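# Coordinates in review
One-letter residues, chain by chain:
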Amino acid sequence: MTDASRMPDRARLGAVADLDELCAFIGDCRRCRLAETRTTLVFGVGDPGADLLFIGEAPGKNEDLKGEPFVGAAGRLLDELLGSIGLHRSEVYIANVLKCRPPGNRDPQADEIETCTPFLAEQVRLIDPLVIATLGNFATRYVLGTDAGITRLRGRLFEVDGRRVVPIYHPAAALYSPDKRGVLFDDFRRLATVMQWAREGRPVAPTARLSAGHEDWLEVFADPSGGAERSAGEHEADAGEGAPADQQKLF
Ligand code: SF4
């Protein structure tokens, strides 16, 4: 259970004016147990005015040592994926759900996510991206407020609080399952399309919106053919983690 006294002061956080101020606010944060085992707090990197924000899970071993997200093998793949759509990491912003490494790369725990994500929420507010790409299960579940897994959600476009959200496999997944590498490149191609549509001001179609409460989430899908609008109930009837690609490939 989260210790409320350790939660960041929301009012003070909301008054922070830029990322440097937010970084100073977080400081040598010791609000959760991960402070005991981390080497370096990993705030995030990139263009503070980026249109595209990537959200990963948490720092790994290399990131913990260097203080920068995505610097190991998964980071090199992320750079390659960005290059495939004509982008460099300096043109986007990269952050994580957790700012400190869970020991042994274990999964983030619920109270750690609850304590740390107010910082991420402020990063989103300050960067104000057009599009958020969530990398892997933890980032996707946090941003979409769902328990559904990434295999089920990737390949779709959502909208949260007026921002387009594109769930994508974590690049590390392709290091262990090479078959996911092609899926990742396909999803980055889709991401480039979403970016283009967002810059053109093209509305997300059809009409569903993901509410802040997250309970009544509906798929928001910009389907050029005017297709799939499905209810949450239909999602439940949908295939789960092992859903075949043709049920997810909605672009
Ligand atoms: S993970 Fe977040 S809340 Fe926990 S110590 Fe690090 S910065 Fe603070």
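Given the structure is predicted, the values throughout are model-derived calculations rather than measurements.

## A word on the site of the ligand
- In the region of the ligand, 14 residues are neighbours, and Cys29, Cys32, Lys99, Cys100 and Cys116 sit closest.
- With 3 residues, the top contributor of residues to the shell around the ligand is helix 5 (residues 110–127).
- Of the residues in the shell around the ligand, the class split is 9 nonpolar, 1 polar and 4 charged.

## Considerations on the nonpolar core
- Grouped together as the largest cluster of nonpolar side chains are 55 residues, with contacts concentrated most on Leu53, Ile55, Val97, Ala133 and Val166.
- If one sorts the elements of this core by residue count, helix 9 (residues 179–199) sits on top with 6 residues.
- Leave out the neighbours within four places in its chain, and Val166 touches Val131, Ala133, Leu157, Leu191 and Val194.

## Notes on the environment of Glu68
- Its place among the elements puts Glu68 in the loop between helix 3 (61–66) and helix 4 (73–84).
- Exposure remark for Glu68: the 18 C-beta atoms within 10 Å place this residue in the partly exposed category.
- When neighbours within four sequence positions are excluded, Glu68 is seen to be in contact with Val42, Val45 and Glu63.

## Some details on the pairing of strand 2 (residues 52–56)
- Counting buried residues in strand 2 gives 5 out of 5 residues, a clear majority hidden from the surface.
- Here strand 2 shows two buried faces, one formed by Leu52, Phe54 and Gly56 and the other by Leu53 and Ile55.
- Of the strand pairs in this sheet, strand 2 and strand 4 (residues 131–135) are connected by 4 bridges, and their pairing is parallel. When the sheet's bridge partners are listed, Leu52 is paired in strand 4 with Val131.
- Alignment of strand 2 against strand 3 (residues 93–96), held across 4 bridges, turns out to be parallel. Following the sheet pairing, Ile55 is matched in strand 3 by Ala95.

## Overview of the sheet that holds strand 5 (residues 158–160)
- Spatially, 1-3-2-4-6-5 is the arrangement adopted by the 6 strands of the open sheet, whose pairing is mixed. Each of the sheet's edge strands pairs with one partner strand only, and the pair in question is strand 1 (45–46) and strand 5.

## Describing the confidence of the model for the protein chain
- Confidence in the prediction for the protein chain averages 83 pLDDT; 80% of positions are at 70 or higher.
- In this model, residues 206–251 is a region of pLDDT below 50 whose contacts with residues beyond four sequence positions or in other chains number 70 contacts.

## Focus on the environment of Thr134
- Residue placement: Thr134 occurs in strand 4.
- Classification of Thr134 by C-beta neighbours within 10 Å gives buried; the count is 28.
- It is 9.7 Å that separates the C-alpha atoms of Thr134 and Val97, two residues lying 37 residues apart in sequence.
- Excluding anything up to four places from it in sequence, Thr134 contacts Ile55, Ala139, Thr140, Val143, Val165, Pro167 and Ile168.

## Overview of the packing of helix 2 (residues 19–26) against helix 5
- Taken N-terminus to C-terminus, the directions of helix 2 and helix 5 make an angle of 170 degrees; their axes are 10 Å apart at the nearest point. Between helix 2 and helix 5, the interaxial angle falls into the category roughly antiparallel. Of the residues in helix 5, those touching helix 2 at Leu19, Leu22 and Ile26 are Phe119, Glu122, Gln123 and Leu126.

## Brief notes about unusual backbone geometry
- Residue Asp128 is not a glycine yet carries a positive backbone phi of 55 degrees.
- With 13 C-beta atoms packed within 10 Å, Asp128 lands in the partly exposed category.
- Notably, Asp161 is not glycine yet its phi reads approximately 50 degrees, a positive angle.
- Take Asp161: it is sitting in the loop between strand 5 and strand 6 (163–168).

## Brief notes about the pairing of strand 4
- Along strand 4, 5 of the 5 residues are buried, which leaves the element largely enclosed by surrounding structure.
- Of the two faces of strand 4, the one holding Val131, Ala133 and Leu135 and the one holding Ile132 and Thr134 are both buried throughout.
- Pairing of strand 4 with strand 6 involves 5 bridges; the strand directions are parallel. Note on strand 6: the bridge partner recorded for Leu135 is Ile168.

Procedures and definitions
- Every chain begins its residue count from 1, and numbering advances along the sequence as written.
- It should be noted that, the model being predicted, local features are given only for residues of pLDDT at least 70 and side-chain atom pairs only at 80 or more, the latter also being counted only at that level, while totals for whole chains, interfaces and linings use all residues.
- Any residue whose C-beta atom, as set from the backbone, lies within 6 Å of a molecule or strand is reported as near that molecule or strand.
- Put simply, DSSP marks the helices as runs of H or I at least four residues long and the strands as runs of E at least two long, and each gets a number from the N terminus on.
- Under the scheme applied, nonpolar residues are Ala, Val, Leu, Ile, Met, Phe, Trp, Tyr, Cys and Pro; charged residues are Asp, Glu, Lys and Arg; polar residues are all the others, including Gly.
- Each nonpolar core comprises buried Ala, Val, Leu, Ile, Met, Phe, Trp, Tyr and Cys residues, the members being joined through C-beta atoms within 7 Å.
- Counts of 20 or more other C-beta atoms within 10 Å of a residue's own C-beta define buried residues, counts of 12 or fewer define exposed ones, and intermediate counts define partly exposed ones; C-beta atoms are placed from the backbone.
- In this description, a residue-residue contact is defined by the distance between C-beta atoms placed from the backbone, which must lie within 7 Å.
- Note: two strands are recorded as paired if DSSP finds a minimum of 2 bridges between them.
- The pLDDT value tells you how sure the predictor is about a given residue, anywhere from 0 up to 100.
- Note on geometry: axes are lines fitted to C-alpha atoms, helical ones only across the stretch in contact, with angles between N-to-C directions running from 0 to 180 degrees.
- When describing relative orientation, an angle under 35 degrees is termed roughly parallel and one over 145 degrees roughly antiparallel, while 65 to 115 degrees is termed roughly perpendicular and anything else oblique.

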